[in-house]
Amino acid sequence: MSAEELKTGPLEYRTKEGQMSILGFWIFLGAEVVLFATLFATYAVLFGRTADAPHPGELFEAGTVLIMTFLLLTSSFTCGLAIHEMRRGSVKGLTIWMIITLALGLGFLGFEIYEFVHYAHEGATIQSSAFWSSFFVLAGTHGLHVTLGIGWATLLLIQIARRGLTNVTSRKFFIISLYWHFLDVIWIFILTSVYLIGMVI
Amino acid sequence: MHITDILVTGEPIIYAAMVSIALVSIAILFLLTYFKKWGWLWREWLTTVDHKKIGIMYILSALAMLFRGGMDAMMMRVQLAFPDLGFLDSQHYNEIFTTHGTIMIIFMAMPFLIGLMNIIVPLQIGARDFAFPYVNALSFWSFFFGAMLFNVSFIIGGSPDAGWTSYTPLSGAAMSEGPGQNFYLMGLQLSGIGTLATGINLMVTILKMRAPGMKLFHMPIFTWSTLVTCFIIVFAFPILTVALALLTIDRIFGAQFFTLTGEGLPMMWANLFWMWGHPEVYIVILPAFGIFSEIIATFAKKRLFGYNAMVWSMIIIALLSFLVWVHHFFTMGAGAFVNSVFSVSTMLIAVPTGVKIFNWLATLYKSKIEFSVAMMWALAFIPSFILGGVTGVMLGMAAADYQFHNSYFLVAHFHYVLIAGTVFACFAGLVYWYPKMFGHKMNERIGKWAFWLFFFGFHVCFFPQYFLGLDGMPRRLFITNIVEWLPLNIISTVGAFGMGLGFAVFVFNIYYSFRNSEREETGDSWNGNGRTLEWATTTPIPYYNFATVPYVDEIDPYVRMKEEGKTTYDESKLEPIHMPSYTGAPFIMMAFLALGSFGLIFEWMIVAIAGLIGGVIMMILRSFDYDEGYHVEVDEIKRIERKARGL
C-alpha cells in the first residue's frame with residue numbers, strides 16, 4: 001500500500017486505496033448481479049403459481065408503478081448531478097443534489113410500502129402462494145437495498161459536512177453513486193419483467 | 001421455556017460430548033488466565049488485520065473442524081461395520097452425516113485453503129497485505145462465528161438432519177421442525193458473507209497489488225488458482241445466499257418457495273443448491289491444483305511444464321463448472337435431452353483436468369525428485385485423484401448414473417476426488433509452507449508416518465465402497481446388515497480409523513516440531529529450491545512482508561535472483577511503509593451478527609433484532625472511522641531487516 005497521490009484525475013482515483021476500493025466495489029456489484037439474477041430466475045420459475053391468491057394482473061396498477069419508476073429514475077439523474085458537482089469541487093452542490101436524490105428515494109420507498117400493504121389487504125402476502133413469495137422477496141430485496149442506500153448516504157452526508165472533499169469522502173460518494181445507479185438498473189428489470197409482463201399476462 | 005427444550009438430552013454420547021466441551025473450555029479459560037494471556041490473545045490475534053496471522057487462525061480453525069468432521073465420519077463407520085450393535089439410532093445417524101458433509105466442505109476444506117491463500121498469495125505477488133485488511137479480518141470472523149454457530153447445534157437445539165444438500169421438502173418447516181435446520185441455514189449464511197468478501201478482497205489484491213513488472217502470466221500458479229477460484233466464489237456464492245435466504249424465509253416467515261402447499265417447487269432448491277454447489281466443488285479443488293503445482297515444481301527442481309496450459313485449463317474448468325449442475329440429479333426426472341446436455345458438459349471437464357495431469361507428469365519427467373513429505377502428498381495425489389476422476393466420468397454418463405446414483409459408488413467417487421485432491425493438498429500445503437508461517441519445519445520422519453497411515457487408510461476406506469455401491473448398497477442408510485456387504489464395510493471402517501490415526505500423528509507432529517525442530521535461518525527453506533517470491537522473504541516474515549519490492553518480469557523470479565546473487569532487499573531504496581492499524585471492530589461486529597443469527601435460529605425475534613442492531617451500529621461506527629493506519633519508519637525497517645538477514 002502506498003500513500004503517494006497522483007496530481008491529476010478525479011479526486012477519488014488519486015490514491016491506490018481509492019482505486020482499489022472502487023474496483024472492489026465493481027466486483028461486488030458483479031456479485032449483486034448474480035444475486036438479483038437468481039431472484040429473477042426464481043420469480044420466473046414461480047410465475048403464475050398463485051394457488052388461491054389473486055393473480056398479479058388483478059392487483060398490479062400501472063399508475064403507482066409509473067410514479068415509482070419516475071421517482072427512482074429521476075433520483076439516478078440527480079445522483080449523477082451530485083457527482084458532477086463533486087467533480088467540480090462543490091460540497092454544497094453535492095450535498096443539495098444528494099439530499100434531493102435521497103428524498104426521491106424515500107418517495108419511492110413510500111409508494112412501495114403503500115403498494116405492499118395494499119396487496120396484503122387484497123389477500124396477497126408473502127405467505128399466500130409461491131408466486132407472491134417470490135414477488136415480495138424480489139421487490140422487497142430491491143426495496144431493502146434502497147433503504148440501505150438511504151441510510152448509508154445519510155452517514156456520508158454527515159461526513160462530508162464535517163470533513164469536506166478529500167480522497168476518502170469523494171471515494172465514498174463515488175461508490176454510493178455506483179450503488180444507486182445499480183439499483184436503478186435493477187428496477188428497470190423489475191418494471192419490465194415483473195410489472196409490465198404481470199399486467200399483460 | 002424449559003432448559004431441556006434448548007439443550008439436547010437423552011443420549012450418552014452427547015452427554016460425554018457436553019462434559020468434554022465443558023472441560024476443554026474450562027481448561028482453555030484457566031490456561032489463558034494462569035499464564036496471563038488474555039491481553040496477548042486480544043492484542044495479537046483477535047484484533048489482528050495481518051493476513052499471515054489471519055491465515056494461521058483460518059488453518060487452526062480448519063484443523064479443529066477436520067477433527068470434528070472426522071469424529072462424525074468414524075462414528076458413522078462404526079455404525080456401518082457393526083449394524084447390530086445399535087451404536088447410533090437413525091435420527092442420530094442422520095444428524096451425523098449431515099454435519100459431517102457440511103463441516104468438511106464449508107468449515108474445513110474452504111477455510112483451510114483460504115487460510116493458505118491468506119498467508120501465501122500476498123507473499124507470492126510481492127504485496128504487503130491484502131487490498132482490504134479490515135475486510136479480511138471481517139471475513140475470518142464471519143467464518144469463525146458461522147462455524148461455531150453450526151457446531152453448537154449438537155448440544156444446543158439439535159443438529160440439522162436433512163443431509164448437507166438439505167433437499168426440500170425434507171428440510172422445510174413441515175418435515176424438519178425445530179432449530180436444527182435453522183442452524184444449517186444461519187451458519188452457512190454467516191460464513192458465506194465472509195467467503196464472498198474474501199473472494200472480492202483477493203481478486204483486488206491480485207489484480208492491483210502485484211510487484212512492479214509482474215504481468216498476470218508471470219504470476220505463480222497458486223496465485224493463478226486463487227484468482228480463478230475467487231472468480232467462481234464471486235459468481236457462485238450469491239446463489240447460495242439467495243437459496244439459503246429463501247429457505248429461511250420459508251421456514252421462519254411461512255413463505256411458499258419450496259413448499260407443496262402454496263404451489264411452491266421443492267425441485268427449485270435442488271437447482272439453486274447445485275448451481276452453487278457444483279462450482280463449490282471447484283472452489284475447493286482448483287487451489288489444491290495450484291498447491292500441487294508449486295510443490296511438484298519445487299521438489300522436481302524444474303520449471304512447471306506447460307505453465308500457460310495450466311492456467312488456461314483452470315479458466316476452462318471454472319467456466320465449465322457453472323454448466324454441469326444438473327448431473328447431481330440426473331435421476332430426478334429432468335428428461336433425456338436435458339440429461340444428455342449435462343452429461344456431455346460434465347464429461348468435457350475431464351479434458352482440461354487431463355491436461356493438468358499430463359503437465360504434472362511432464363514436470364516430473366527426467367527430473368531429480370526429492371521425496372520430502374510435501375512431495376509425497378503431491379505424488380500420492382496424482383494416481384488417487386485419477387481413480388476419483390475416472391469414476392466421475394462413469395457417473396457423468398446419465399444412463400449409467402441411474403445405476404450408480406444414491407449408492408456407495410457415488411460416495412466413494414466424491415471422497416476420492418475431495419480427499420485425494422483437497423485434503424491431501426491441505427496437508428501438503430501446510431507442510432510445504434509451514435517454515436514460512438512458524439519459522440521451523442515439521443518433522444519429516446513423523447510426517448512420513450502420518451502420510452503413510454493416512455494414505456493407506458484412505459484407500460482401504462474408500463476403495464471397497466466402489467464395490468459396495470456396485471453391489472447395491474445405498475448411501476445415507478444407517479442399517480446395512482445384509483451379510484454380503486459386511487466384510488467390505490468392516491474393511492472400510494478399518495481404513496477410516498487408519499485415516500484418523502494418520503491425522504492424529506499429523507497433529508502430534510505440529511506439537512513435536514514446535515518443541516524440537518531446528519529454527520529456520522534462511523527464508524528459502526527447502527534446500528534453496530524455492531522458485532517464487534514467498535521464499536525470498538526472511539523467516540520469520542516481518543509484518544510488512546517486503547522491505548523493498550523487487551521488479552519482476554518472468555515466471556519463477558527467485559530462481560534467477562539466486563543465480564545472480566541478488567535478494568529482494570535493497571537498503572538504498574527503503575521508504576516508510578504504510579500499514580493498517582489493528583482493530584477489534586470486525587470481531588465485535590461479527591459477534592453481534594452471530595448473536596442475531598442465534599436469535600433467528602430459535603425464532604427469538606428480540607434477540608435476533610438486538611443482534612442485528614448491534615451489527616448495524618458497528619457498521620455505522622466503521623463508516624465514521626477514518627483511521628488511516630501508520631507508517632513504519634526507515635530506521636525501524638533497517639533494524640528488523642539487518643537482524644533477520646544477519647547483516
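Residues numbered from 1 in each chain as written. Chains lettered and ligands numbered in written order. Predicted model: local features only at pLDDT ≥ 70, side-chain atom pairs only at ≥ 80, totals over all residues. Heavy atoms only, no water.

In the annotation of an unreviewed UniProt entry, chain B is listed under the name Quinol oxidase subunit 1 and assigned to Halobacillus litoralis. Checking UniProt for chain B, the heading Subcellular location (unreviewed entry) contains the comment "Cell membrane". Its UniProt record, at the heading Pathway (unreviewed entry), says of chain B: "Energy metabolism; oxidative phosphorylation." (UniProt positions renumbered as here; feature names shortened; annotations may be inferred.)

Under an unreviewed UniProt entry, the name given to chain A is Quinol oxidase subunit 3, and the organism recorded is Halobacillus litoralis. In the Catalytic activity (unreviewed entry) part of its UniProt record, chain A is described as follows: "2 a quinol + O2 = 2 a quinone + 2 H2O". Listed under Function (unreviewed entry) in UniProt, the entry text for chain A is "Catalyzes quinol oxidation with the concomitant reduction of oxygen to water."

A. Summary view of the nonpolar core. Of all hydrophobic cores here, the largest spans 260 residues; its most connected members are Trp 132, Phe 135 and Phe 173 of chain A together with Phe 424 of chain B. Ranked by residue count, the leading element in this core is helix 9 (residues 266-300) of chain B, at 21 residues. Beyond its immediate chain neighbours, meaning those up to four positions away, Trp 132 of chain A contacts Thr 50, Ala 53, Pro 54, His 55, Pro 56, Leu 59, Phe 60, Tyr 119, Ala 124, Thr 125 and Ile 126 of chain A. Core analysis: the next-biggest nonpolar cluster, separate from the first, contains twelve residues, Met 75, Ile 96, Phe 97 and Trp 485 of chain B among them. (Core = buried A, V, L, I, M, F, W, Y, C linked by side-chain atoms within 4.5 Å. Buried < 20%, exposed > 50% of the residue type's maximum accessible area, 1.4 Å probe, protein only. Helix = DSSP H or I, 4+ residues; strand = E, 2+ residues; numbered from the N terminus. Contact = heavy atoms within 4.5 Å.)

B. Broad picture of the interface of chain A and chain B. At the junction of the two partners, chain A supplies 41 residues and chain B supplies 38 residues. Together, the buried faces of chain A and chain B total about 3,400 Å²; carbon and sulfur atoms form 72% of this surface. At the boundary of chain A with chain B, the tally comes to zero salt bridges. On the surface where chain A and chain B come into contact, there are ten residue pairs in polar contact (both at pLDDT 80 or more). (Buried area = accessible area lost by both parts, 1.4 Å probe. Salt bridge = Lys/Arg side-chain N within 4 Å of Asp/Glu carboxyl O. Polar contact = N/O pair within 3.5 Å; in protein donor to acceptor, adjacent residues only side chain to side chain.)

C. Layout of a nonpolar patch on the surface. Residues and elements named next belong to chain B. On the surface, a cluster of nonpolar side chains totalling about 540 Å² of accessible area is made up of Phe 253, Met 605, Ile 609, Ile 613, Ile 617 and Leu 621. Ranked by residue count, the leading element in the nonpolar patch is helix 20 (residues 605-623), at five residues. Take Ile 617: it is sitting in helix 20. (Patch = residues over 30% accessible without salt bridge, like charges linked within 9 Å, V, L, I, M, F, W, Y side chains within 5 Å. Areas by Shrake-Rupley, 256 points an atom, 1.4 Å probe, with all protein chains shown as cover.)

D. Just helix 9 of chain B, in detail. All names here are of chain B. Taking 1.5 Å of rise per residue, 35 residues should cover 51 Å, and helix 9 covers 51 Å from first to last C-alpha, within 8% of that figure. Where helix 9 bends most, at Trp 274, the angle is about 30°. Burial runs high along helix 9: 31 of the 35 residues are buried. Two residues or fewer after helix 9 comes Lys 301, characterised by a positive phi angle close to 55°. (Expected span 1.5 Å × (residues − 1). Bend = angle between axes of the 7 residues up to and from the residue.)

E. Broad picture of the packing of helix 1 (residues 16-46) of chain A against helix 5 (residues 130-163) of chain A. Residue and element names in this part refer to chain A. Where helix 1 contacts helix 5, the two axes come as close as 7 Å, and the packing angle between them is 155°. As judged from the angle between their axes, helix 1 and helix 5 are roughly antiparallel. In this structure, helix 1 meets helix 5 at a crossing whose hand is left-handed. Where helix 1 approaches helix 5, its residues Phe 25, Glu 32, Leu 35, Phe 36, Leu 39, Phe 40, Thr 42, Tyr 43 and Leu 46 are matched on the opposing element by Ala 130, Phe 131, Ser 134, Phe 135, Val 137, Leu 138, Thr 141, His 142, His 145 and Trp 152. Residues that form the contact of helix 1 with helix 5 fall into these classes: 13 nonpolar, five polar and one charged. (Axes fitted to C-alpha atoms, helices over the stretch in contact; angles between N-to-C directions. Parallel < 35°, antiparallel > 145°, perpendicular 65-115°, else oblique. Left-handed = near helix turned anticlockwise from the far one by under 90°. Nonpolar A, V, L, I, M, F, W, Y, C, P; charged D, E, K, R; others polar.)

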